[in-house]
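Here's the letter readout for the chains.
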Amino acid sequence: MTSKKGTGDGWGTVTSKKGTGDGWGGKGKLINTIVPFGKIRPGAKLFQWSKPAGAQDYRLEIKDNKGAPILKITAQDTFLNIDLDPAKFKEGQQYVWQVSTAAGDVLSNPMVFEIGPSQALSSAVQKAETAESYAKNTATVQGLMRAVALEQGEWYQDAAQVYRDLQKAEPNNLLLKLMHAAFWMRSGPKPLAEQAFNLR
């Protein structure tokens, strides 16, 4: 996987060699939401988005599935750690989040997440672990089976963590690189696929 030239779509050129930025290029007049999406656990979560051209302050807003605002918060960087208060964010319900520049001239795409029931998370993992082929395979393949089951259950952040842990344990395993990159090609922003492939 390579990304040598920008496409003018606001995502910029993704590199993994140098720099302390968010890796999304800081080009164009677009903000793209990155994570979270799908089913997530309650508690503190990282909200991340891409950087448009120029220095910006941002406003993040979360609404319920009826469009009523739940939370508004400002940021000076392209990420925020937010503690999702269970009094406001209910298990089993979906929420939509978007980011705009503080000036309001650029608005991101909406991203949907759901506070998933813990039982559903356990069921997704159990689906893999009770498969007939699970016990017959290596620990690496078992991990991949858990990651795929989590993805199928829309627990994307948990699936991504399994891929990261597997790849860090075996950084030269080409199958893990390809599976991790393919996960992001299917499930999320495509620039993350290259980052996953180059993960060390």
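Structural data are supplied above this passage.
Thresholds, definitions, all that
- Residues numbered from 1 in each chain as written.
- Predicted model: local features only at pLDDT ≥ 70, side-chain atom pairs only at ≥ 80, totals over all residues.
- Heavy atoms only, no water.
- Helix = DSSP H or I, 4+ residues; strand = E, 2+ residues; numbered from the N terminus.
- Buried < 20%, exposed > 50% of the residue type's maximum accessible area, 1.4 Å probe, protein only.
- Lys, Arg positive; Asp, Glu negative; His and termini not counted.
- Salt bridge = Lys/Arg side-chain N within 4 Å of Asp/Glu carboxyl O.
- Polar contact = N/O pair within 3.5 Å; in protein donor to acceptor, adjacent residues only side chain to side chain.
- Contact = heavy atoms within 4.5 Å.
- Expected span 1.5 Å × (residues − 1).
- Pairing = 2+ DSSP bridges.
- Axes fitted to C-alpha atoms, helices over the stretch in contact; angles between N-to-C directions.
- Core = buried A, V, L, I, M, F, W, Y, C linked by side-chain atoms within 4.5 Å.

1. A short note on the side chain of Asp 64
Within the secondary structure, Asp 64 sits in strand S4 (residues 58-64). No salt bridge forms around the buried Asp 64; measuring N to O, its nearest opposite-charge neighbour Lys 66 is 6.7 Å away. Of the polar contacts made by the side chain of Asp 64, one reaches the backbone nitrogen of Lys 66; its length is 2.9 Å. At 2.9 Å, the side chain of Asp 64 forms a polar contact with the backbone nitrogen of Ala 68. Residues in contact with Asp 64, not counting those within four places in the same chain, are Ile 70, Gln 94 and Tyr 95.

2. Structural notes on helix H3 (residues 156-169)
If you check H3, its first and last C-alpha atoms are 20 Å apart, about what 14 residues at 1.5 Å a residue would give, namely 20 Å. Taken as a whole, H3 has its buried residues at Tyr 156, Asp 158, Ala 159, Ala 160, Val 162, Tyr 163, Leu 166 and Gln 167. Elements in contact with the buried residues of H3: strand S2 (38-40), helix H1 (118-129), helix H2 (139-152), helix H4 (174-187) and helix H5 (191-197).

3. A closer look at H2
In an α-helix, one turn spans 3.6 residues; hence positions three or four apart end up facing the same way. Between its terminal C-alpha atoms H2 stretches 20 Å, which fits the 20 Å expected from 14 residues at 1.5 Å a residue. The set of residues buried in H2 consists of Thr 140, Gln 142, Gly 143, Leu 144, Ala 147, Ala 149, Leu 150 and Glu 151. Next to the buried residues of H2 lie H1, H3 and H4. Once H2 ends, the next one or two residues include Glu 154, with phi positive near 70°.

4. As for the pairing of strand S5 (residues 69-75)
It is a general feature of regular strands that their side chains alternate between the two faces of the sheet. Sheet topology note: the S4/S5 ladder contains 6 bridges and is antiparallel. Its bridge partner being in S5, Ile 62 is matched across the sheet by Leu 71. Hairpin connection from S4 to S5: 4 residues lie between these consecutive antiparallel strands, with Gly 67 at a positive phi of about 90°.

5. Some remarks on the sheet that holds S4
One open sheet holds the 5 strands; their spatial order is S2-S8-S7-S4-S5, and the pairing between them is mixed. The sheet terminates laterally at S2 and S5, the two strands that pair on one side only. Along the sheet, successive strands turn relative to each other by an average axial angle of 30°, direction set aside. Pairing between S4 and strand S7 (residues 94-101): 7 bridges, direction antiparallel. Considered in S7, the bridge of Leu 60 is made with Val 99.

6. A closer look at the nonpolar core
As a rule of thumb, soluble globular proteins bury nonpolar side chains together. Counting 42 residues, the largest nonpolar core has Trp 49 and Phe 113 as its most contacted members. A per-element tally of this core places H3 first, with 6 residues. When neighbours within four sequence positions are excluded, Phe 113 is seen to be in contact with Pro 36, Phe 37, Gly 38, Ile 40, Phe 47, Ile 62, Leu 84, Phe 89, Gln 93, Gln 94, Tyr 95 and Trp 97.

7. Observations regarding the environment of Asn 198
One can find Asn 198 in the segment after H5. By relative accessible area, which is 29% here, Asn 198 ends up partly exposed. Separated by 27 residues in sequence, Asn 198 and Pro 171 have C-alpha atoms that sit 9.1 Å apart.

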